[in-house]
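# Structural features, examined
Below, each chain spelled out in residue letters.
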Amino acid sequence: MRQRIDRLMTAWGHFAVRHAWKILVAVLLVVGTLSSQLPRLTLETSTEEFLHADNPTRITYDEFRNQFGRDDQIVLAIRTEAVFDRDFLARLRAIHQDIENEVPNLEDVSSLVNARNTRGEGDRLIVGDLLEQMPETDAELAEIERLVRANPMYTNLLISEDARFATILIRTNAFSSLGDDFDELGGFDDESSAAEATDPAPRAFITPAENSAIVAAIEAVIERHDGDGIEIFLSGTPPMIEAMQDAITRDMLLFTGLAIGIIILALAVLFRRLAGVVLPVITVVFSVITTLAIMVLLDVAITIPTQILPSFLLAVGVGYSVHILAIFYQQRRAGADVESAIVFALGHSGLAILMTSLTTAGGLLSFSVAEIAPIAEFGIFAPLGVLIALVFTLVLLPALLAVFPMRPESRSDSRDGSPSQRLLMRTGEFANAHAASITLVTAGMIVIAVLGALQIEFAHDPISWFPKDNRFRIANDVINDELRGSMFLEVLVDSGRDNGIKDPELLRRLDSIRQYGEALLIGDVQVGKTVSIVDVVKETNRALNENLDEFYQIPDDPLLVAQELLLFENSGSDDLEDLVDSGFSVARMTLKVSMADAIQYQAFIEDIDRKFSKILGGTAELSFTGVMKIMGDTINAVIISMAKTYLVAFAIITPLMVLLIGRVRIGLVAMIPNLTPIIFTLGLMGWTGIPLDAFTLLVGSIAIGLAVDDTIHFMHHFRHYYEKTGSVSQGISETLRSTGQALLYTSIVLSSGFFIYMLASMQNLFYFGLLTGLTILLAFLCDVILAPALITLTLRHEESRVVELQRMETSS
């Protein structure tokens, strides 16, 4: 089979040279057409998108948003010397009004300006705004302060405990406004209208572009009002998403440009020829354009993990070109013409490039089974991009070489090679001579690394991805400290019957849940405030009892509860719509909590689930949703995905390695240099405290997919030279002389392509780039030191038998 593929590669080389212009025109037409799709490429960084659409948590969350709207509020915290100051309250109202007038897609804006003020006047229930009339005298200001301090709902929600911070809570529409324009022909197509009424299409949730417009409008308001005695901090999930999108847009352009620059520099140093620089760059750039265009056609957005695709494909794809060009120029220096050199290069390295692309794609394909949706998408489009790069390398590059003007090469018959080739050959000789020692030392290092890997901690903390001086991270820290957080957990209480939520006993149990929750601190997660129907019932009961504080409680009579809720609804307030369903069977309790590492959210939710269920005593069913629940489940998905992807990568790559080498024992031995760098990197993470998150999860499978490339090239060429010479040492030496330099330069290009992520503005990308680049360099060292040592030990007895047979044949 290998010989058949070699012959096919040789035949293809002749065809590509003789039909070069036809190939170039066809490729240009295809890539030119696809490139027109790139302006439609979009970004998606929302928290819920980390989970697949069919994930139960995601389904529950979408159902919640359909029922109650968006849960992830935007929090503006305004620091001042004293909140209860007429000038400050006037500025607070101005900011509040500007937000209402200028920010699109608003659902609700809440602050002390329009805080619910429930009071009784005679036999009337009045539900109005706290600052319907701005205080003009000290007495009126004192009355406002009294009302605020008397209402426990306001503290840590709209005002800090020390009254130095006031907040504005902004809730936007859950659904996109795109496509909501008035239909001038509406009503004329009765049949269509009837069909839509019986089977309405599901509404799309708010888009990233709309989220960006919301945050931009809020930031414009902040910029206008910030300063002159007040400082405004912006936090919440929507601003975090927007900050991530800004970083992705900025970093993706930077990294793509840097990757191209590194590739050009490396190719210039390696080949010192214009063709050796320009042609591989054209090949890999076309591969990236094609891959991104296919993503657009399939309506797949760029996400946090897939933002690395362009620079990743540039670095990986150029490696294939390097192997072709290295042999091409060796043949040219040996006196071959262009066509003969192209044909020989494809016949010599075509099979190895095919197998390396398949193993790289196999390693990346392992991500397609990940529980994290963006990583699963990476597991589809990264291997697709690798295979596209393979096609362009085997199809476009030979055609470009055939038509590109080239000067005659200086003939060289020297076998000494360049300094790097001589160094690599000496390294192989050293590994061959000290095979046992190298293997023992490596085994000891693996043991140390495994001990470190056992100490790895999992994490999913998007806030920590931002630099410490990032204004969003600073704002989040301030709000966590002063107002106990800007993350929200939604608790749904299902009574199982209509009007079940009006039961005083159930309401009292919900009040006990509130008391327990607001005193809760687990790790770094603290509840700052709870909001539920209980607050409405207690406020209303107090208002209808002469506003006396001793009546701030749940009435005993269920009929009285129902009457009070009816009065509240008739007062003109629509707050109950956000707190209970229309049948009063399901209540919503919102917990405002501090933002923390999501690894702590699971323990927190499990604790309150046990405690809340015990308090309810079977009177209702509990369920949890919201952004906090999504993030908590994401870290569980990271853990599951790590196990799945690493096992799948190993299961795909190992048979391919055995198939290429043709011998099971040597194929399995060849996997050791591929796995060793992964173990070393995991050990480094454990010993240095680098957590395993949704990004560092990528390191292992990406690295093994790339590391195996060098091993395949080494083993493929070693097998050829070993069968030719019958000597392990000569086979190693010839392999490193002919292929070692290409392995060195591809490893440098690949690692550099990942090291550039250390320039990223977000810490998760920094660690990803550091660890992946380091792993690739370790893989190269294992391939030129450990692999020769293992081959020597594995084939030593076989070589001895061959030598003995040759001696016997000679003597006879």
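This report concerns the structure included in the present document. Since we're looking at a predicted model, the values are computed, not measured.

## A few points about the packing of aromatic side chains
For the coordinates displayed, the defined rule picks out 19 aromatic pairs. Among the aromatic residues, ring-to-ring pairing joins Phe255, Phe312, Phe367, Phe378, Phe754, Tyr757 and Phe768 into one connected group. Of note, Arg65 hangs over the ring of Phe205, and the distance from its end group to the ring centre comes to 3.6 Å. The aromatic ring of Phe584 is capped on one face by Lys502, whose charged end is 4.4 Å from the ring centroid.

## Details of helix α12 (residues 373-403)
Compared with an ideal rise of 1.5 Å per residue, which puts 31 residues at 45 Å, α12 spans 44 Å between its outermost C-alpha atoms and is within 8% of the ideal. Bending of α12 peaks at approximately 35 degrees at the position of Thr393. Among the 31 residues of α12, 23 are classified as buried, and the element is accordingly described as predominantly covered.

## A short note on the sheet that holds strand β5 (residues 165-172)
The four strands lie next to each other as β2-β5-β1-β6, forming an open sheet whose pairing is antiparallel. The open sheet is flanked by β2 (106-110) and β6 (231-236), the only strands paired with a single partner. If you compare each strand with its neighbour and ignore which way they point, the axes differ by 20 degrees on average. Where strand β1 (residues 74-79) and β5 come together, six bridges link them in antiparallel fashion. Within the sheet, the bridge partner assigned to Ala77 lies in β5 and is Thr167. The sheet contacts of helix α16 (residues 471-483) involve β1, β5 and β6, and relative to β6 the element is tilted by about 95 degrees.

## Points about empty space enclosed by the protein
Within this structure, the stated rule accounts for seven cavities of 30 Å³ or more. Roughly 90 Å³ of volume is contained in the largest cavity. Taken together, Val316, Gly319, Tyr320, His323, Thr356, Leu706, Asp709, Asp710, His713, Thr746 and Leu750 make up the lining of the largest cavity. If you list the elements that add at least two residues to the lining of the largest cavity, you get α10 (309-333), α24 (697-725) and α26 (740-755). Taken together, the residues that form the lining of the largest cavity break down as four nonpolar, five polar and two charged.

## A look at the nonpolar core
In this structure, Phe312, Ile533, Phe604 and Ile702 are the most contacted members of the largest nonpolar core, which totals 191 residues. Once residues lying within four places of it in the same chain are set aside, the contact partners of Phe312 are Leu364, Ala382, Val386, Ile702, Leu706, Phe754 and Tyr757. Residues Leu157, Ile159, Ile230 and Leu483 belong to the second largest nonpolar core, which totals 49 residues.

## A short note on the pattern of salt bridges
For the coordinates displayed, the defined rule picks out 33 salt bridges. Residue Asp62 is joined to Arg65 by a salt bridge in which the shortest nitrogen-to-oxygen separation is 2.7 Å. Of the two residues, Asp62 and Arg65 are both situated in helix α3 (residues 56-68); the distance of three residues between them amounts to about one turn of the helix. On the basis of relative accessibility, which here comes to 17%, the residue Asp62 falls in the buried class. When the shortest N-O distance is used, the salt bridge between Asp578 and Arg171 registers 2.9 Å. Of the two residues, Asp578 sits in the loop between α19 (558-570) and β10 (586-593) while Arg171 sits in strand β5, which places them 407 residues apart along the sequence. Salt bridges here are not isolated pairs; linked through shared partners, they connect Glu48, Glu49, Arg58, Asp62 and Arg65.

Rules and cut-offs
- Residues numbered from 1 in each chain as written.
- Predicted model: local features only at pLDDT ≥ 70, side-chain atom pairs only at ≥ 80, totals over all residues.
- Heavy atoms only, no water.
- Phe/Tyr/Trp six-rings, centres within 6.5 Å; stacked < 30°, edge-to-face > 60°.
- Lys NZ or Arg CZ within 6 Å of the ring centre and 35° of its normal.
- Helix = DSSP H or I, 4+ residues; strand = E, 2+ residues; numbered from the N terminus.
- Expected span 1.5 Å × (residues − 1).
- Bend = angle between axes of the 7 residues up to and from the residue.
- Buried < 20%, exposed > 50% of the residue type's maximum accessible area, 1.4 Å probe, protein only.
- Pairing = 2+ DSSP bridges.
- Axes fitted to C-alpha atoms, helices over the stretch in contact; angles between N-to-C directions.
- Contact = heavy atoms within 4.5 Å.
- 1 Å grid on protein atoms, 1.4 Å probe; cavity = no way out; pocket = protein on both sides within 12 Å on 5 of 7 lines; lining within 4 Å.
- Points joined across faces, edges and corners; volume = space filled by probe spheres on them.
- Nonpolar A, V, L, I, M, F, W, Y, C, P; charged D, E, K, R; others polar.
- Core = buried A, V, L, I, M, F, W, Y, C linked by side-chain atoms within 4.5 Å.
- Salt bridge = Lys/Arg side-chain N within 4 Å of Asp/Glu carboxyl O.

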